[in-house]
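Coordinate analysis (summary)
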Amino acid sequence: MSAEFGGRTNRQGKLSQWLRGRRPKEVAADEGDREALLLAAAGAGLPLAPAAYPAPGYRCSCDRVGCPTPARHPVSFAWQTQSTTDRGQIERWARHQPQANFITATGMVHDVLDVPLDAGAEALERLLDAGIDVGPVAESDDGRLLFFTLTRGTPEVEDEWWPCELDCHPETMDEHPGLRWHCRGSYVLVPPARLPGGQGVGWVRGLEHPLPDPLTLLEVLTDACARHVGEESDHANAAWPSRR
């Protein structure tokens, strides 16, 4: 590890600063840049569909009272069949829905390994130092790193599918504080995206990097996540000492 990441104190802040120093400023991109980035994602094979966007007061643009995932979910229940890489359709969506975020459906062409920021940044540096082809990586300002990979595969036999519910589901994110593996039946926001409170989702490593095999990243990511969860547990135990 570099000296910048050698200590555990204030690691979250240092990692966040490091990542933001490497991320292009596309979260605040104008409409032309937004459309170009979406088309680049579709050109790389990521199927897209329109999603909700932030509304005043940390609310969601959808009409659901108390939306549990504001600005993070598709606008259509048919998002899996609606998702497309068709350039003309994406241009129409982007121009007719200028505030909309976009999701990309996983498990078709790509999967996403979704990890906590500090664990992900540690793993990212280890992977790059080892010369491993990492592929595209996005950062969500709420403290997650998204590693885009090839999908587990598209078997001809339907029963051989591995559904995302075995790992996580978009509406149960809080139940998976470590690694979430988004595959068939799931989705993630694709940059550029806006979140409530002025936060966003942007690329740390762009789509010019080919999608890697997920198994080449998995060991390092799970190791970093296990250490992250262990540290969180140690901090909680230190804050609440046992009574005798």
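Predicted model, so just to flag it, every value in this text is computed and none were measured.

1. Section: unusual backbone geometry
- Following P191, the chain continues to P192 via a peptide bond in cis, the omega torsion being -5°.
- By the secondary structure assignment, P192 is in the loop between β9 (187–189) and β10 (193–195).
- The phi dihedral of Y58 falls on the positive side, at around 60°, and the residue is not glycine.
- Tracing the sequence through the fold places Y58 in the loop between β2 (54–55) and β3 (59–60).
- Phi at A71 is positive, roughly 70°, even though this residue is not glycine.
- Structurally, A71 is set in the loop between β3 and α3 (79–82).
- Classification of A71 by relative accessible area gives buried; the value is 0%.

2. Considering the packing of aromatic side chains
- All told, the structure shown has 3 aromatic pairs when counted by the stated rule.
- When the centroid spacing of 4.9 Å and the interplanar angle of 80° are considered together, the rings of W79 and Y187 count as edge-to-face. With W79 in helix α3 and Y187 in strand β9, this residue pair connects regions lying 108 residues apart in the sequence.
- Taking the relative accessible area as the measure of exposure, W79 reaches 11% and is therefore buried.
- On the basis of relative accessible area, Y187 is assigned to the buried category, the value being 9%.
- Taking 6.4 Å as the distance between ring centres and 50° as the angle between the ring planes, the aromatic pair formed by W93 and F102 counts as tilted.
- With relative accessibility at 10%, the residue W93 sits in the buried group.

3. Here's the deal with the pairing of strand β5 (residues 110–116)
- Of all 7 residues in β5, 7 are buried; the element is thus mostly enclosed.
- In the sheet, β5 pairs with strand β7 (residues 144–150) via 7 bridges, with the strands oriented antiparallel. Residue pairing in the sheet places L113 in a bridge with F147 of β7.
- As paired elements, β5 and strand β8 (residues 180–182) share 3 bridges and run antiparallel to each other.

Calculation notes
- Residues numbered from 1 in each chain as written.
- Predicted model: local features only at pLDDT ≥ 70, side-chain atom pairs only at ≥ 80, totals over all residues.
- Heavy atoms only, no water.
- Helix = DSSP H or I, 4+ residues; strand = E, 2+ residues; numbered from the N terminus.
- Buried < 20%, exposed > 50% of the residue type's maximum accessible area, 1.4 Å probe, protein only.
- Phe/Tyr/Trp six-rings, centres within 6.5 Å; stacked < 30°, edge-to-face > 60°.
- Pairing = 2+ DSSP bridges.

As far as function goes, none of this settles anything; it's purely spatial.
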